[in-house]
Amino acid sequence: MSSEEPKSPVEVVAAAIVDDLEQPTRLLAARRTEPRSLAGGWELPGGKLDPGESSVEALHRELVEELGVDVVLGDLVEGPMERGRWPLGTAYAMTVFLAVVIRGDPKPLEDHDQLRWLTTADLYAVEWLPADLPIIRMLGSRMAR
């Protein structure tokens, strides 16, 4: 029997960037360029927390770095894990917030090579990363048709 504690998942954050926090009709998808194992897959933009950073601080920083935008955060997109997080395999746990852009025009500046606004009709027109699919299904049920 090992005396090692199970390793806690790495905390990451993501934004479900929509056109309207109350009645979203479009969702922004971002296509990854790296790591190689994820390249070409589509995801919600975000990333890891830096030491001492809150989820909200990390998300604002990541969105400036990756997309060049400032956002207003909306509701937490509640996941099945503790504190409403979503599992990304066994190594990561992701907190997802709804967000709307208040400054800037989203551009793929870092970690992505394409961005695409999706409606409910074409929500699955991109190849979402498998771990993001449960989140996308939940968001699709919240989007106005």
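The structure this text deals with has already been given above.
What comes next concerns the included structure.

1. Looking at helix α1 (residues 55-67)
- Taking 1.5 Å of rise per residue, the 13 residues of α1 would be expected to cover 18 Å, and the 17 Å separating its terminal C-alpha atoms lies within 8% of that figure.
- For α1, every residue scored as buried is listed here: S55, A58, L59, R61, E62, L63, E66 and L67.
- Next to the buried residues of α1 lie β1 (10-17), β2 (26-32), β4 (46-48), β5 (70-76), β7 (92-103) and β8 (112-119).

2. So, unusual backbone geometry
- The peptide bond linking E34 to P35 adopts the cis configuration, its omega dihedral lying at -5°.
- Structurally, P35 can be placed in the loop between β2 and β3 (42-43).
- Positive phi values are uncommon outside glycine, yet R83 reaches one of about 60°.
- Assignment of secondary structure puts R83 in the loop between β5 and β6 (86-88).
- By relative accessible area, R83 is classed as exposed at 53%.
- Despite not being glycine, D111 has its phi angle at roughly 75°, a positive value.
- Note on D111: relative accessible area 22%, which makes it partly exposed.

3. Thoughts on the nonpolar core
- Grouped together as the largest cluster of nonpolar side chains are 21 residues, with contacts concentrated most on L27, L44, V96, W128, I135 and L139.
- Put simply, the parts of the chain that give this core at least two residues each are β1, β2, β7 and α2 (133-142).
- Every residue in contact with L27, bar those within four places of it in the chain, is listed here: A16, I17, V18, L44, R116, W117, L118, L123, W128, I136, L139 and M143.
- Counting residues in hydrophobic clusters, the runner-up holds 12 residues, among them V13, L28, V71 and A99.

4. What to know about the side chain of D132
- Counting through the fold element by element, D132 comes out in the loop between β8 and α2.
- Buried and without a salt bridge, D132 has R32 as its closest oppositely charged side chain, separated by 8.4 Å.
- The residues contacting D132, other than those within four sequence positions of it, are W42, E43, L44, L88 and M94.

5. Quick word on the packing of aromatic side chains
- Applying the stated criterion across every chain yields a total of zero aromatic pairs.
- A cation sits over an aromatic face here: R26 above W117, 4.4 Å from the ring centre.

6. Observations regarding the environment of F97
- Along the chain, the position of F97 falls in strand β7.
- Here the alpha-carbon distance between F97 and V72, two residues 25 residues apart in the chain, equals 9.8 Å.
- Discounting residues that sit within four places of it in the chain, F97 has contacts with A14, A15, A16, S55, V56, L59, L73, G74, D75, L76 and V77.

Thresholds applied
In every chain, residue numbers begin from 1 and rise along the written sequence. Owing to the predicted nature of the model, reporting of local features is limited to residues with pLDDT of at least 70; listing and counting of side-chain atom pairs is limited to 80 or more, with chain, interface and lining totals taken over all residues. Side-chain descriptors were evaluated using all non-hydrogen atoms of the structure, hydrogens and water having been removed beforehand. The numbering of helices and of strands both runs from the N terminus, where a helix is a DSSP run of H or I of at least 4 residues and a strand a run of E of at least 2. Expected span of a helix, by definition, is 1.5 Å for each gap between consecutive residues, and there is one gap fewer than residues. A 1.4 Å probe rolled over the protein chains alone gives each residue an accessible area, and that area as a share of the maximum for its type sets the label: buried under 20%, exposed over 50%, partly exposed in between. Residue contacts are defined here by distance: any two heavy atoms, one from each residue, within 4.5 Å place the two residues in contact. Among buried residues, those of type Ala, Val, Leu, Ile, Met, Phe, Trp, Tyr and Cys that are joined through side-chain atoms within 4.5 Å constitute a nonpolar core. Charged residues are defined narrowly, with Lys and Arg counted positive, Asp and Glu counted negative, and His plus the chain ends left uncounted. Basic side-chain nitrogens of Lys or Arg form a salt bridge, by our definition, when they fall within 4 Å of a carboxyl oxygen of Asp or Glu. Each Phe, Tyr or Trp ring, with Trp reduced to its six-membered ring, pairs with another whose centre is within 6.5 Å; inter-plane angles below 30 degrees give stacked pairs, above 60 give edge-to-face pairs, and intermediate values give tilted ones. The criterion for a charge sitting over a ring is simple: Lys NZ or Arg CZ within 6 Å of the ring centre, and within 35 degrees of the ring normal.

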